[in-house]
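Structural features, examined
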Amino acid sequence: MSARDALRVRNDVVLVLVVVVALSFDFTNGFHDTGNAMATSIATKALSPRVAVALSGVLNLVGAFLSLAVAATIASGLVDTNLVTLQVVAAGLAGGIIWNLLTWLLGIPSSSSHALIGGVVGATIAAAGGHAIQWHGLVSKVIIPAGLSPIIAALVAATGTWLLYRISRSLSEGARSHGFRIGQIGSACMVSLAHGTNDAQKTMGVITLALIVNKTIPAGSNAPFWVILSCGLAISLGTYLGGWRVIRTLGKGLVEIESPQGMAAESASAAVILLSSGFGYSLSTTHVATGSIIGSGLGKKGGEVRWNVAGRMATAWVFTLPAAGVVGAGAYALAHAVSGTPGVLVLLVILAAIAGVIYWRSRASKVDHNNVNAEWTGSVAPADQPEPAKAA
Amino acid sequence: MSWINLQAIWKIVVFGLVLGAGLPSLFAVGLFSLSKGPRRAATEGGDSDVLVGGNPLGMVIAGLCFLVILAAIAWGIYEVYKIGHPAPAPAK
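In this text the structure is predicted, and so the values were computed from the model without any measurement.

**Some words on helix 14 (residues 340-364) of chain A**
Over its 25 residues, helix 14 of chain A extends 38 Å from the first C-alpha to the last, a length consistent with the 36 Å expected when each residue adds 1.5 Å. Every buried residue of helix 14 of chain A is listed here: A:Gly343, A:Val344, A:Leu347, A:Leu348, A:Leu351, A:Ile358 and A:Ser362.

Have a look at this one:
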């Protein structure tokens, strides 16, 4: 009953808060996912870390304007939009942000999309019950693609890696690595672009949904220009600041990568992401990038995949949807208990506090552009902190 | 109401292989052609990272490979833009 009432009441203060939280999520999405596009280029030194994140940021902004298809899917395909309120959206976003920050702290490249979807679904269940979820859409558009996309990406990347080494085997070691490093710049740019067309969309969809719920814009509207621009800017700023921890896990932790493998992995990621978007799957760029990197390790003779690292990631993937869902549901319960605008405010304050604690914890084992490429010793933070990575 | 769209998956795998593995392979062919020629022979055996061998035919083939890749990328971006900006639904 209260959910229905809230639907009909315009509340611009809460709307502004929701937009702020949504853009914060977009920001975490950006810095969590820089690694998807740039980890391999940074690991093979095709691009310097600073240049890589700047380039990726700009291309994410361009990508945000390139396609508006996924935004609609997120808004209407997963939950019954009639039962969603601004409070639910805010709680769902809070669930997504907290899960994103926790996995970033641990250096696990989990899916930002799943964190967002899990958070919104969890908050919706808490608010309106399980019948408000479009389970078929959730399974066929989110869960099954999540399982299949890394396998397809790994297949494509393994094939590509095998072909690249085969074709280029008469080249000297130096010429090969030089040539493919140039190619990698192109393929990494394509991944960044694909990321913008896919992930920036998800937040746009959520903000558009909030605007429709609040009756600020009529139902069925496209994302207004300021929404596209602000989402593009938030994700590219996050990308620019760079999720060095995740970059390190992807670039150094999974596979020791050479430039032909890097190019094969990036090409596979870009192709699979862009194609899947074309078929209406809003899949996780993270899952695809990880699958590709594993594939590039499988496709090279003598390549080594650290399956324990891969297993740790897969575990985090399985837990992302339900865990973000639980946090989203808890956030809704909290906001609902306090109720109204103060409820959302309390939620925001707690969210900021948690973010602050996680940031403070991350300072204790800092990973940045200086030590991102240090030798993998089994942990996210390089063993020897003060030593600069330039030694090699 | 099927749970798995096999047709879409089949297409993603095939086009994924053609674009995601085929295009970088074309790039490798380009690098290979580019490396042919006298300059490469001079540095053979060393771990030189000289890319351009100097054979005219090789350079033309390499140029063609790189052009095809650029064209394929431009076409891909155009397709994404087209899919991503469907004509707005008629207002009712």
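**Overview of the pattern of salt bridges**
Per the stated rule, a full pass over the model turns up three salt bridges over all chains. Put simply, A:Lys202 and A:Asp199 hold a salt bridge, and the shortest N to O gap is 2.8 Å. Placement of both A:Lys202 and A:Asp199 in helix 8 (residues 173-213) is noted, with a separation of three residues, approximately one turn of the helix. With a relative accessible area of 1%, A:Lys202 lands in the buried category. Relative accessible area serves as the criterion here: at 0%, A:Asp199 is assigned to the buried category. The closest approach of N and O atoms between B:Lys82 and B:Glu79, which form a salt bridge, is 3.6 Å. In this pair, B:Lys82 and B:Glu79 are both assigned in helix 3 (residues 56-84), three residues apart and thus about one turn of the helix distant.

**Some remarks on the interface of chain A and chain B**
Reports often express the size of an interface as the amount of accessible area lost when the parts come together. Contacts between chain A and chain B engage 43 residues on the former and 38 residues on the latter. With both sides pooled, the region where chain A packs onto chain B buries about 3500 Å², and carbon together with sulfur makes up 79% of that total. Here chain A and chain B share zero salt bridges between them. The tally of links from chain A across to chain B stands at zero residue pairs in polar contact (both at pLDDT 80 or more). Those elements giving two or more residues to the side of chain A that touches chain B turn out to be helix 3 (49-66), helix 7 (135-167), helix 8 and helix 11 (259-278) of chain A.

**Examining the packing of helix 8 of chain A against helix 9 (residues 225-241) of chain A**
All names here are of chain A. Between helix 8 and helix 9, the least distance of the axes is 9 Å, while the angle of their chain directions is 130 degrees. Taken as axis vectors, helix 8 and helix 9 run oblique relative to one another. In this structure, helix 8 meets helix 9 at a crossing whose hand is right-handed. Here His195, Asp199, Ala200, Thr203, Met204, Ile207, Thr208 and Leu211 of helix 8 come into contact with helix 9, specifically with Trp226, Val227, Ile228, Cys231 and Ile235. Partitioning the contact of helix 8 with helix 9 into residue classes produces nine nonpolar, three polar and one charged.

**A closer look at the environment of A:Arg306**
Residue and element names in this part refer to chain A. Mapped onto the secondary structure, Arg306 falls in the loop between helix 12 (285-298) and helix 13 (307-338). For Arg306, a relative accessible area of 17% gives the class buried. Arg306 sits 12 residues away from Ile294 along the chain, and the two C-alpha atoms are 8.8 Å apart.

**Things to note about the environment of A:Ile257**
Residues and elements named next belong to chain A. Take Ile257: it is sitting in the loop between helix 10 (244-253) and helix 11. On the accessibility criterion, Ile257 (11% relative accessible area) is buried. Remark: the alpha-carbon pair of Ile257 and Gly291, spanning 34 residues in sequence, is separated by 14 Å. Apart from the residues within four sequence positions on either side, Ile257 is in contact with Thr40, Thr44, Gly262, Ile293 and Ser296.

**Description of the nonpolar core**
In terms of nonpolar packing, the biggest core is built from 102 residues, with A:Val18, A:Leu93, A:Ile117 and A:Met204 touching the most fellow members. When residues no more than four places from it in sequence are discounted, the contact partners of A:Leu93 are A:Val18, A:Val21, A:Ala22, A:Phe25, A:Leu116 and A:Val206. Membership of the second largest hydrophobic core comes to 12 residues, among which are A:Met263, A:Ala264, B:Phe27 and B:Leu31.

**Some details on the side chain of A:Thr103**
Residue and element names in this part refer to chain A. Considering the arrangement of structural elements, one finds Thr103 in helix 5 (residues 86-105). Residue Thr103 is classed as buried on the basis of its relative accessible area of 3%. Separated by 3.0 Å, the side chain of Thr103 and the backbone oxygen of Asn100 make a polar contact. Filtering out sequence-adjacent residues up to four positions away, Thr103 remains in contact with His32, Ile108 and Ser110.

Rules used in this analysis
- Residues numbered from 1 in each chain as written.
- Chains lettered and ligands numbered in written order.
- Predicted model: local features only at pLDDT ≥ 70, side-chain atom pairs only at ≥ 80, totals over all residues.
- Heavy atoms only, no water.
- Helix = DSSP H or I, 4+ residues; strand = E, 2+ residues; numbered from the N terminus.
- Expected span 1.5 Å × (residues − 1).
- Buried < 20%, exposed > 50% of the residue type's maximum accessible area, 1.4 Å probe, protein only.
- Salt bridge = Lys/Arg side-chain N within 4 Å of Asp/Glu carboxyl O.
- Contact = heavy atoms within 4.5 Å.
- Buried area = accessible area lost by both parts, 1.4 Å probe.
- Polar contact = N/O pair within 3.5 Å; in protein donor to acceptor, adjacent residues only side chain to side chain.
- Axes fitted to C-alpha atoms, helices over the stretch in contact; angles between N-to-C directions.
- Parallel < 35°, antiparallel > 145°, perpendicular 65-115°, else oblique.
- Left-handed = near helix turned anticlockwise from the far one by under 90°.
- Nonpolar A, V, L, I, M, F, W, Y, C, P; charged D, E, K, R; others polar.
- Core = buried A, V, L, I, M, F, W, Y, C linked by side-chain atoms within 4.5 Å.

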